[in-house]
2 protein chains.
Amino acid sequence: MTEIEKTLENHQVRPTAMRILIYKYLAEKEVAVALTDIESAFAKAERTTLYRTLKTFEEKKIVHQIDDGTGISKYALCESGCNCEIDQDLHLHFHCNNCNETVCLTEHKIPQIKVPDGFVSENVNLVVKGICDKCSGQ
Amino acid sequence: MTEIEKTLENHQVRPTAMRILIYKYLAEKEVAVALTDIESAFAKAERTTLYRTLKTFEEKKIVHQIDDGTGISKYALCESGCNCEIDQDLHLHFHCNNCNETVCLTEHKIPQIKVPDGFVSENVNLVVKGICDKCSGQ
DNA sequence: TAACTAGTGCAACAGAAGTGCATTTATTGA
DNA sequence: TCAATAAATGCACTTCTGTTGCACTAGTTA
Ligand SMILES: [Mn+2]
Ligand SMILES: [Mn+2]
Ligand SMILES: [Zn+2]
Ligand SMILES: [Zn+2]
């Protein structure tokens, strides 16, 4: 049993061939991926299967969904520092206006946000847009 | 010439009947509105007209678009404190998980966010989700 | 092995966003 | 004032993303 298979089972996800492939793909990418990205990477796979795999991964906290403001859902593996389970203390995301890629900045936590009286904050989504390290050329 | 007509012309938007109505609608609502909201408020109007009116308003800085993470674009009038023009110093938005409405918290500015070396921050989108003042009951 | 459960493939649908083009309305200037 | 021009609107259609229903297959369990 491989490392990936163990990881999946730890999250109560049965390690099917497709799931292992998708997990590998996500692990190799350093950026958040959209469903269509996976779709074009696995031309032979069915879109629905990929879709449901992502949903399962999300539900079982293997990946977290990212709303980067493009209108397209992105997904990235939850790593240490992700803290998806507790829905608190989340990291921020960076979307590059040049290469259009979105990355997790897991080491950058979202600061405490004050809201007016009467409002109850449950969670926070923070996306910084600009130029990423690869594109800024430095 | 009414106040609204003046406002539209100040932004280089010709004050047609439809535009004035939509502006009024936006001004009366305290929450951010989606295209479909306007659509149902003006049953007789054409969706494309409403769509293009919002685009024009956005382009001319009469409204700002809000991405609240629901996947549906919302729009709200730019007021003093909005600062859309300079794409900096923006306010945060609050999305209620109960009533599903999104409001501008114009008085609440987005704090300065640090990004890693090599990354250049151009703008920031911050959405707090939770329970709004009306729904929290206090 | 039989019964059951989970995963996959295929088809179809829904909603939002966007485009092309003809028609109507408003503006301009001869 | 009226023709030429430009802007706004209405209608039809398309694309894209996400989502669901259902039949079939593979895997698990008793
Ligand atoms: Mn992330
Ligand atoms: Mn706002
Ligand atoms: Zn980039
Ligand atoms: Zn509410």
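Note that the structure is a prediction, hence the values are computed from the model and not measured.

Visitor: What is the right way to look at the packing of helix α1 (residues 3–10) of chain B against helix α2 (residues 17–28) of chain B in this model?
Guide: All names here are of chain B. Close contact between α1 and α2 brings their axes to 10 Å; oriented N to C, the two are set at 105 degrees. With respect to α2, the element α1 is oriented roughly perpendicular. For the pair formed by α1 and α2, the contact residues are Ile-4, Glu-5, Thr-7 and Leu-8 on the first element and Arg-19, Ile-20, Tyr-23 and Lys-24 on the second. The class makeup of the residues in the contact of α1 with α2 is 4 nonpolar, 1 polar and 3 charged.

Visitor: Explain the protein's contact with DNA strand C here, please?
Guide: Contacts to DNA strand C come from 18 residues, most closely from Arg-14, Arg-19, Thr-49 and Arg-52 of chain A together with Tyr-51 of chain B. When atoms of DNA strand C within 4 Å of the protein are split into backbone and base, the sugar-phosphate part holds 67%. Between DNA strand C and Arg-47 of chain B there is a distance of 2.9 Å, counted from a base oxygen to a side-chain nitrogen or oxygen. Those elements that provide at least two residues to the surface near DNA strand C are α2 (17–28) and α4 (47–59) of chain A together with α4 (47–59) of chain B. Sort the elements by how many residues they give to the surface near DNA strand C and α4 of chain B lands first, with 5 residues. The residue makeup of the surface near DNA strand C, split by class, is 3 nonpolar, 6 polar and 9 charged.

Visitor: Would you explain the coordination of the manganese ion (ligand 1) in this entry?
Guide: Note on metal geometry: ideal angles are 109.5 degrees for four donors arranged tetrahedrally and 90 or 180 degrees for six donors arranged octahedrally. Residue and element names in this part refer to chain A. Donor atoms from the polypeptide that coordinate the manganese ion (ligand 1) comprise His-64 (NE2), His-91 (NE2), His-93 (NE2) and Cys-104 (SG), at 2.0 to 2.2 Å from the metal. Mapped onto the sequence, the donors of the manganese ion (ligand 1) take the spacing H-x26-H-x1-H-x10-C. One end of the pair, His-93, is in strand β4 (residues 91–96); the other, Cys-104, is in strand β5 (residues 102–109), and 11 residues separate them in sequence. A relative accessible area of 6% places His-93 in the buried class.

Visitor: Any chance you could explain the pairing of strand β2 (residues 63–67) of chain A here in plain terms?
Guide: Every regular strand shows the same layout, with side chains that alternate between the two sheet faces. Residues and elements named next belong to chain A. Counting buried positions along β2 gives 4 out of 5 residues, so the element sits mostly inside the fold. Where β2 lies against strand β3 (residues 73–77), 5 bridges are found, and the strand directions are antiparallel. The partner of Asp-67 across the bridge, within β3, is Ser-73. What sits between the antiparallel neighbours β2 and β3 is a turn of 5 residues, in which Gly-69 has the positive phi angle 90 degrees.

What counts, and where the lines are drawn
Residues numbered from 1 in each chain as written. Chains lettered and ligands numbered in written order. Predicted model: local features only at pLDDT ≥ 70, side-chain atom pairs only at ≥ 80, totals over all residues. Heavy atoms only, no water. Axes fitted to C-alpha atoms, helices over the stretch in contact; angles between N-to-C directions. Helix = DSSP H or I, 4+ residues; strand = E, 2+ residues; numbered from the N terminus. Parallel < 35°, antiparallel > 145°, perpendicular 65-115°, else oblique. Contact = heavy atoms within 4.5 Å. Nonpolar A, V, L, I, M, F, W, Y, C, P; charged D, E, K, R; others polar. Near = heavy atom within 4 Å. Polar contact = N/O pair within 3.5 Å; in protein donor to acceptor, adjacent residues only side chain to side chain. Donors = N, O, S within 2.8 Å, 3.2 Å for Na, K, Ca; no water. Buried < 20%, exposed > 50% of the residue type's maximum accessible area, 1.4 Å probe, protein only. Pairing = 2+ DSSP bridges.

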